[in-house]
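What follows is each chain in one-letter form.
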Amino acid sequence: MAGKTLYDKLWETHVVREESDGTCLLYIDRHLMHEVTSPQAFEGLRLAHRKAWRNTSIVAVPDHNTPTNHWDRDIEDPVSKAQVDTLDANIKEFGALVYFPFKHENQGIIHVIAPENGATLPGMTVVCGDSHTATHGAFAALAHGIGTSEVEHVLATQTLVQKKSKSMQIKIEGQLGAGVTAKDVALAIIGKIGTAGGTGYCIEFAGSAIKGLSMEGRMTVCNLAIEAGARAGIIAADETTVAYLKGRPHAPKGADWDNAVEYWKTLHSDADAQFDTVIEMKAESIEPQVTWGTSPEQVLAVGGKVPNPANEADPVKRAGVERALQYMGLQADMPITDIQIDKVFIGSCTNSRIEDLRAAAVVAKGKKVAGNVKLALVVPGSGIVKRQAEAEGLDKIFTEAGFEWREPGCSMCLAMNADRLSPGERCASTSNRNFEGRQGPGGRTHLVSPAMAAAAAIAGHFVDVRTQQ
Amino acid sequence: MKAFTQLNGLVCPLDRANVDTDAIIPKQFLKSIKRSGFGPYLFDEWRYTNYGEPGMDCTDRPLNKDFVLNQPRYQGAQVLLARDNFGCGSSREHAPWAIEDYGFRVIIAPSFADIFFSNCYKNAVLPIVASAEVVDRLFKECEATEGYKLDVNLAEQTVTTPTGFSFKFDITEHRKHCMLNGLDDIGLTLAHADEIKAFEEKHKATQPWLFA
Ligand code: SF4
């Protein structure tokens, strides 16, 4: 019999029951929450006179609507404020293990705060009413983004109704070149397999290049698994995972820690495990990436040229390229490095961790943001990241170069607060979605790594960061 | 939840791939703490030429005449025909809420994004995966024939065109049962509360740190 994949192991240890058609009830260890996708779930619970099954599984924080400056003015938009207040009230009523309300010193993006507090652990099942829950797979946890009805279901029953997905292994061997980051790896993968390439799969990222990534880098890769259409992205637990977790507030302690580490060592795919699909890539072939279109799969190496729809044979794809070029205001065949930008956003659950800010700061140090760049924002992922960055003097590097240094939150990743693009504005962004209007109606988003975003801010247009260092 | 058994519904063709949930219902409407009332804002940025805000009265907003949903021949459509990877992006259940509130009960596409796909079932919207060839054929027929309706039968798992061409679609037994009877999952799951408790105890014994 073939060995087990990491996905098999995580799945099997959480199945409560299985129906004859393969539908399972999966036990959920960690329930992450933010203010946008939870109010209707709590309301449903209340209407049905139900309680939370296990409120100590809950880690919650408001992040989408919260402003990133002028905290003294509170939340000025009354609709946003109502949503944040609703989360406060719901947590008060139903309880939680961890809750960082607005302005708490540890507040931040849910996908940043759960790992840094040790609340995401290997072997867990993790859910959140948020597609980028995939992030937590970096810890060898099975992490699913869910809808609000499912949030209510998990609240009420501590389980999720699921059918097992197919398994895919994406193996990246070799060593990443200087200036090539986890973000470039993830975008290159999406460029290769497409935004629907992972649909119906749980993707395990493996190979020496993945193993060589820090936990921050692994989180970036898993975060973007959802943009490849996957149900979840996972990476085996190893020494890097264990070292990251040691001493974090909610990580196990004492004898529990030793037993946990022993168990975590088993959380990898067996050598003879069979995957439904295997994709191999060479680390050396990955270059810094820039998206040019309105889907993350519309991505190229920075040295590339904007595609010409005339070269696309498939009519649906051709129409997609034409529409994207029109929306993005780009000419076919123009070099990526000729694209001028108006704004820069360094932040989001993809790239707002300390390592990301360090990488951007290295590029920005001693330079100035170009005159054509109207706004360059740096938004740390959490209060903890912010304080760490300030202790290292990164905030000074940014502000001296002309970047704005903000309070933590989702910010311009989805522009639910005041940070957004105006129609037609073009942004170099370290976030995860370049959809039409994502960063503000009519806004144009190019996804890049933190180092590439900083380099674009300095140059005023995209540049290959490898030529800047 | 409303039950879904059978439908003979007008079809609206949305000829784009990768339609994301930001396009289905833009973020500003996510500030609502309700489940209802999203229909008027479905595809807001494509549908209207001005910027939509939550709570806005949509009856006199300027329409984008070119957008398919605004064409007179598709008014009252209940079946949405779409391309690959429909519903990708954010997990927001506001997307199926808006689709259902607008009046769509069925979406047919060659592929759907996972989270959106399962969100549909929770809201009495039936997502049907059909082969790219079949979807192509439906697009052609629909665009060529005014008043084009499809017959969708969940019990039989079939879709039939006006000319009698018919194809089968897949659905898990569990989802079919819930949809046909309008059952919500929570009640069904809580019938197994004892099993969940027993599992929880066992799980706690093997990995106590998960419960610390
Ligand atoms: S940073 Fe962006 S993608 Fe991440 S949780 Fe916030 S809004 Fe979602």
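Residues numbered from 1 in each chain as written. Chains lettered and ligands numbered in written order. Predicted model: local features only at pLDDT ≥ 70, side-chain atom pairs only at ≥ 80, totals over all residues. Heavy atoms only, no water.

Caption draft 1: The overall build of chain B, seen in detail. Counting its regular elements, chain B contains eight helices and seven strands. Across its three principal axes, chain B shows a C-alpha extent of roughly 65 × 45 × 25 Å. Each of the 212 residues in chain B was classed as buried or not, and the buried ones make up 58%. Across chain B, contacts joining residues at least 24 apart in sequence account for 64% of those joining residues at least 6 apart. Within the structure as shown, chain B displays about 8500 Å² of accessible surface, and the carbon and sulfur contribution to it stands at 51%. Mean positive and mean negative side-chain charge positions of chain B (23 and 29 charges, respectively) differ by 2 Å. (Helix = DSSP H or I, 4+ residues; strand = E, 2+ residues; numbered from the N terminus. Buried < 20%, exposed > 50% of the residue type's maximum accessible area, 1.4 Å probe, protein only. Contact = heavy atoms within 4.5 Å. Areas by Shrake-Rupley, 256 points an atom, 1.4 Å probe, with all protein chains shown as cover. Lys, Arg positive; Asp, Glu negative; His and termini not counted. Charge placed at Lys NZ, Arg CZ, Asp CG, Glu CD.)

Caption draft 2: Expanded view of the site of the ligand. His64, His111, Asp130, His132, Ser348, Cys349, Cys410, Cys413, Leu414, Asn432 and Arg438 of chain A make up every residue found near the ligand. Residue composition of the shell around the ligand, grouped by class: four nonpolar, five polar and two charged. (Near = heavy atom within 4 Å. Nonpolar A, V, L, I, M, F, W, Y, C, P; charged D, E, K, R; others polar.)

Caption draft 3: Focus on the sheet that holds strand β3 (residues 106-109) of chain B. Residue and element names in this part refer to chain B. Strand order in the open sheet made by the seven strands is β4-β3-β2-β1-β5-β6-β7, with mixed pairing throughout. The open sheet has two free edges, formed respectively by β4 (126-129) and β7 (166-168), since each of these has just one partner strand. The sheet shows a mean angle of 25° between the axes of neighbouring strands, direction not considered. Relative to β4, β3 is paired through four bridges, and the arrangement is parallel. (Pairing = 2+ DSSP bridges. Axes fitted to C-alpha atoms, helices over the stretch in contact; angles between N-to-C directions.)

Caption draft 4: Quick look at the pattern of salt bridges. Evaluation of the coordinates by the stated rule reveals 37 salt bridges over all chains. Across the pair glutamate 227 of chain A and arginine 433 of chain A runs a salt bridge, and its minimum N-O distance is 3.0 Å. One end of the pair, glutamate 227 of chain A, is in the loop between α8 (215-223) and β11 (232-234); the other, arginine 433 of chain A, is in the loop between β18 (426-429) and β19 (444-447), and 206 residues separate them in sequence. For the salt bridge of aspartate 22 of chain B with arginine 438 of chain A, the shortest nitrogen-to-oxygen distance reads 3.3 Å. (Salt bridge = Lys/Arg side-chain N within 4 Å of Asp/Glu carboxyl O.)

Caption draft 5: Broad picture of the interface of chain B and chain A. Taken together, the 55 residues of chain B in the interface contact 74 residues of chain A. Contact with chain A buries surface across chain B, with Lys27, Lys31 and Trp209 of chain B losing the most and accounting together for 15% of the total. One can count 31 residue pairs in polar contact (both at pLDDT 80 or more) joining chain B with chain A. Of all the secondary structure elements, the ones that give two or more residues to the side of chain B that touches chain A are α2 (44-47), α3 (94-102), α4 (114-121), α6 (173-181), α7 (185-190) and α8 (193-206) of chain B. For the side of chain B that touches chain A, the leading source of residues is α8 of chain B, giving seven residues. Grouping the amino acids of the side of chain B that touches chain A by side-chain chemistry returns 19 nonpolar, 17 polar and 19 charged. (Buried area = accessible area lost by both parts, 1.4 Å probe. Polar contact = N/O pair within 3.5 Å; in protein donor to acceptor, adjacent residues only side chain to side chain.)

Caption draft 6: Representation of the sheet that holds strand β15 (residues 343-346) of chain A within the structure. On the basis of which strands lie adjacent, the open sheet formed by five strands has the order β17-β16-β15-β18-β19 (chain A) and parallel pairing. Every interior strand has two partners, whereas the edge strands, β17 (404-405) and β19 of chain A, have only one.

Caption draft 7: Focus on the packing of aromatic side chains. All names here are of chain B. Following the criterion strictly, the structure yields 22 aromatic pairs over all chains and no others. Ring centres 5.1 Å apart and planes at 25° place the aromatic pair tyrosine 102 and phenylalanine 104 in the stacked group. Taken together, the ring pairs connect Phe86, Phe112, Phe116, Phe117 and Tyr121 into an aromatic cluster. The ring of tyrosine 48 carries the charged tip of arginine 61 above its face, separated from the ring centre by 3.8 Å. The side chain of arginine 83 reaches across the aromatic face of phenylalanine 139, ending 4.0 Å from its centre. (Phe/Tyr/Trp six-rings, centres within 6.5 Å; stacked < 30°, edge-to-face > 60°. Lys NZ or Arg CZ within 6 Å of the ring centre and 35° of its normal.)

Caption draft 8: Up close: the nonpolar core. Core analysis: the largest hydrophobic core is formed by 116 residues, its most contacted members being Val344, Phe398 and Phe403 of chain A together with Phe43, Phe86, Ile108 and Leu126 of chain B. The element that contributes the greatest number of residues to this core is helix α15 (residues 450-459) of chain A, accounting for eight residues. Contacts of phenylalanine 86 of chain B, omitting those with residues within four sequence positions, involve Leu14, Val19, Ile24, Phe43, Leu80, Ile99, Ile107, Ala109, Ser111, Phe112, Ala113 and Phe116 of chain B. One finds Tyr7, Leu10, Tyr27 and Ile193 of chain A within the second-largest nonpolar core, a separate group that totals 79 residues. (Core = buried A, V, L, I, M, F, W, Y, C linked by side-chain atoms within 4.5 Å.)

Caption draft 9: Quick look at unusual backbone geometry. All names here are of chain A. One non-glycine residue, lysine 103, adopts positive backbone phi at about 80°. With respect to the element layout, lysine 103 can be found in the loop between β5 (98-99) and α4 (110-116). The class of lysine 103 is partly exposed, set by a relative accessible area of 37%.

Caption draft 10: Region of the structure containing helix α11 (residues 315-328) of chain A. All names here are of chain A. In a regular helix each residue adds 1.5 Å, so 14 residues correspond to 20 Å; α11 covers 20 Å between its end C-alpha atoms and thus fits that length. Listed in full, the buried residues belonging to α11 are Val321, Ala324, Leu325, Tyr327 and Met328. Projection of α11 onto a plane perpendicular to its axis shows the buried side chains occupying an angular sector of 165°, all on one side. In this structure, α11 carries Pro315 and Gln326 as exposed residues pointing more than 90 degrees from its buried face. (Expected span 1.5 Å × (residues − 1). Arc of directions from axis to C-beta.)

Caption draft 11: Broad picture of the packing of helix α2 (residues 39-47) of chain A against helix α5 (residues 148-157) of chain A. Residues and elements named next belong to chain A. Interhelical geometry of α2 versus α5 gives an angle of 50° and a closest axis separation of 8 Å. By the angle class used here, α2 and α5 are oblique. As for the relative orientation of α2 and α5, their crossing is right-handed in sense. When α2 is examined against α5, the residues Gln40, Ala41, Phe42, Gly44 and Leu45 are found in contact with a partner set consisting of Thr148, Val151, Glu152, Leu155 and Ala156. Residue classes in the contact of α2 with α5 are distributed as six nonpolar, three polar and one charged. (Parallel < 35°, antiparallel > 145°, perpendicular 65-115°, else oblique. Left-handed = near helix turned anticlockwise from the far one by under 90°.)

Caption draft 12: Summary view of the environment of aspartate 464 of chain A. Residues and elements named next belong to chain A. With respect to the helices, strands and loops of the structure, aspartate 464 is situated in the segment after α15. Among the residues examined, aspartate 464 registers a relative accessible area of 17% and is labelled buried. Along the sequence, aspartate 464 and proline 423 sit 41 residues apart, while their C-alpha atoms lie 27 Å from each other. Once you skip the residues sitting within four places of it in the chain, aspartate 464 turns out to touch Pro288, Val302, Thr337 and Met452.

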